[in-house]
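# Coordinate analysis (summary)
Read off the chains here:
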Amino acid sequence: MEAHACHTLSTATPAGPGHWNWWGLCLWLPGCIGFGALLAWAAFEVGQWFSPLVVFPLLVGLVLGVSLVAMMRLFQMGHRPTAWLALGLAAVVVIAGQHYFSYRAAVVEANRASEQLQKARTTFGTLVQGRLPAPPTGPIDYLRRRADEGRPLDTVLGNHMAKGWLAWLSWALDGLLVLGPAAAMVAYALRRPFCGRCGSWYATRRAGPLDAQAVQQLVEILGLSPADTPKGGRYRLISCNQGCAPTGFSLSWKELDTKKLPEILWLDDQQHTRVIEILDHSQTGTQGKSVC
Ligand SMILES: [Zn+2]
């Protein structure tokens, strides 16, 4: 099956990327950073009980990516530079935040041990010997001490102790494992068209199966020239919330070589009207689901 898209069809493009705005910078961006802090705290708490190497930072990255994409959709944030900035800052907060909460816990533990020692000395006097190490003076001092002590790495290949720069390297790799999946998910989400006029993401408004006759009519209207006659297929209509930018249409059928057909065809007003007519009159097309 071969199909060729008409050149005049796919030249119409959506309204373009979202515009920079104060709302995104002053509210949405801090919201993402705040969420990053919350996720860092949750990851720290969970990590005390369950933190398998490689898998745990990947899971944290997935949660971060899913959450950022959901917030982009929910709040109709389509300004790509702001979205990338939010990802970068939120990822830094998630990665550094876990170390910070770990440092805070170490300080609390050190103070508690110091108090207990003090009480023991008050009760037993000189019978109690020994001195406790001073609490870490800051997050960097805490990490330096942990690196000197060594980070245990339990793997299927055996247990290792990463000391010094190896410990720092392992933390850097953990950070990349958080950032990687989150960045991949945001990049994929940003591929979806966004209407800069009404400031909304394109969404599926209508989708469903099509009979052979409807597919044939659409193929002609859209200027496609498949080698075989499709026996039936599926369609999807996408548009922005206000319908102020060109409507996107995707058509597929069995045996279609998708490499030879654009993923989304952009319809002008005339094509849009004719496509809707065909969908309305198609026996199976009328059963297509309207998706709001
Ligand atoms: Zn619009």
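Scroll up to find the structure this text is about.
## Comments concerning the overall build of the chain
Summing up its helical and strand segments, the chain has seven helices and nine strands in all. Per-residue burial for the chain yields a buried fraction of 26% across its 292 residues. Long-range pairs, those at least 24 residues apart, make up 74% of the contacts in the chain with a sequence separation of at least 6.

## What about the packing of helix α6 (residues 212–221) against helix α7 (residues 269–281)?
It is at 10 Å that the axes of α6 and α7 come closest, and there the two elements cross at 175°. Of the possible angle classes, the one that applies to α6 and α7 is roughly antiparallel. Judged by residue contacts, Ala214, Gln217, Leu218 and Ile221 of α6 engage Gln271, Arg274, Val275 and Ile278 from α7. The residue makeup of the contact of α6 with α7, split by class, is five nonpolar, two polar and one charged.

## Here we look at helix α5 (residues 165–189)
For α5, which comprises 25 residues, the first-to-last C-alpha distance of 36 Å matches the rise-based estimate of 36 Å (1.5 Å per residue) to within 8%. Within the sequence span of α5, burial applies to Ala167, Asp174, Leu177, Val178, Leu179, Ala182 and Val186. Buried residues in α5 make contact with α2 (55–74), α3 (80–124), α4 (139–149), β1 (151–155) and β2 (158–162).

## Some thoughts on α7
The end-to-end C-alpha separation of α7 is 19 Å, in line with the 18 Å expected for 13 residues at 1.5 Å each. Those residues of α7 that sit buried are Gln271, Val275 and Leu279. Summarising the axial view, the buried residues of α7 lie within an arc of 70°, below the 170-degree limit, and thus occupy one face. Looking at α7, the residues exposed on the side facing more than 90 degrees away from the buried face are Asp269, Gln270, Thr273, Glu277, Asp280 and His281.

## Looking at the packing of helix α1 (residues 22–47) against α3
When two helices pack together, their arrangement is given by the angle between the helix axes and the distance between those axes. Relative to each other, α1 and α3 sit at 30°, their axes nearing to 7 Å. As the angle between them shows, α1 and α3 are arranged roughly parallel. Read as a crossing pair, α1 and α3 show a hand that is right-handed. By residue class, the composition of the contact of α1 with α3 is 18 nonpolar, seven polar and no charged.

## Re unusual backbone geometry
Its identity as a non-glycine residue notwithstanding, Val54 has a phi of 65°, on the positive side. The exposure class assigned to Val54 is exposed, which follows from the 11 C-beta atoms found within 10 Å. The backbone of Gln76 sits at a positive phi, close to 50°, despite the residue not being glycine. Structurally, Gln76 can be placed in the loop between α2 and α3.

## Topic: the nonpolar core
Grouped together as the largest cluster of nonpolar side chains are 24 residues, with contacts concentrated most on Leu64, Leu68, Ala90, Ala91, Val94 and Val178. Broken down by secondary-structure element, the contributors of at least two residues to this core are α1, α2, α3 and α5. No other element matches the nine residues that α3 contributes to this core. Not counting residues up to four positions away in its chain, the partners in contact with Val94 are Gly36, Leu39, Ala40, Ala43, Val60, Leu64 and Val178.

## What about the environment of Leu64?
Structurally, the position occupied by Leu64 is in helix α2. The spacing of Leu64 and Leu39 is 25 residues in sequence and 7.6 Å in space, taken between C-alpha atoms. Dropping the residues within four chain positions of it, Leu64 is found in contact with Leu39, Ala90, Ala91, Val94, Val178 and Ala182.

## Thoughts on the environment of Gln271
The topology assignment puts Gln271 in helix α7. Sequence separation between Gln271 and Ile221 is 50 residues; the distance between their C-alpha atoms is 7.1 Å.

## What to know about the pairing of strand β6 (residues 232–239)
Taken residue by residue, a regular strand's side chains alternate between the two faces of the sheet. The pairing of strand β5 (residues 203–211) with β6 spans eight bridges and is antiparallel. Within the sheet, the bridge partner assigned to Asp211 lies in β6 and is Gly232. Two strands pair when backbone bridges link them, and β6 and strand β7 (residues 247–253) are joined in this way by six bridges, in the antiparallel orientation. Within β7, the residue paired with Arg236 across the bridge is Ser250.

Definitions and limits used
- Numbering of residues begins from 1 in every chain and follows the order in which that chain's sequence is written.
- Given that the model is predicted, a residue must reach a pLDDT of at least 70 before its local features are reported, and side-chain atom pairs must reach 80 or more before they are shown or counted; all residues, however, enter totals for whole chains, interfaces and linings.
- Strands are runs of DSSP state E lasting at least two residues, helices are runs of H or I lasting at least four, and both sets are numbered from the N terminus onward.
- Note on burial: count the other C-beta atoms lying within 10 Å of the residue's C-beta; 20 or more is buried, 12 or fewer is exposed, in between is partly exposed, and C-beta positions come from the backbone.
- Note on contacts: each residue gets a C-beta atom placed from the backbone, and two residues are in contact if those atoms are within 7 Å.
- In this analysis, axes come from line fits to C-alpha atoms, helices being fitted only over the stretch in contact, and the angle between any two N-to-C directions falls in the range 0 to 180 degrees.
- Throughout this description, any angle smaller than 35 degrees is read as roughly parallel, any larger than 145 degrees as roughly antiparallel, any in the 65 to 115 degree range as roughly perpendicular, and the remainder as oblique.
- Gly is placed with the polar residues, together with every amino acid not listed as nonpolar (Ala, Val, Leu, Ile, Met, Phe, Trp, Tyr, Cys and Pro) or charged (Asp, Glu, Lys and Arg).
- In this scheme, a helix's expected span is set at 1.5 Å multiplied by one less than its residue total.
- The reported arc concerns the directions from the helix axis to the C-beta atoms and nothing else.
- In this scheme the handedness of a crossing depends on how the near helix is turned from the far one: anticlockwise by less than a right angle means left-handed, clockwise means right-handed.
- A set of buried Ala, Val, Leu, Ile, Met, Phe, Trp, Tyr and Cys residues, joined through C-beta atoms within 7 Å, is what we mean by a nonpolar core.
- When DSSP finds two or more bridges between two strands, those strands count as paired.

Bear in mind that shape data such as this cannot, by itself, settle questions of function.
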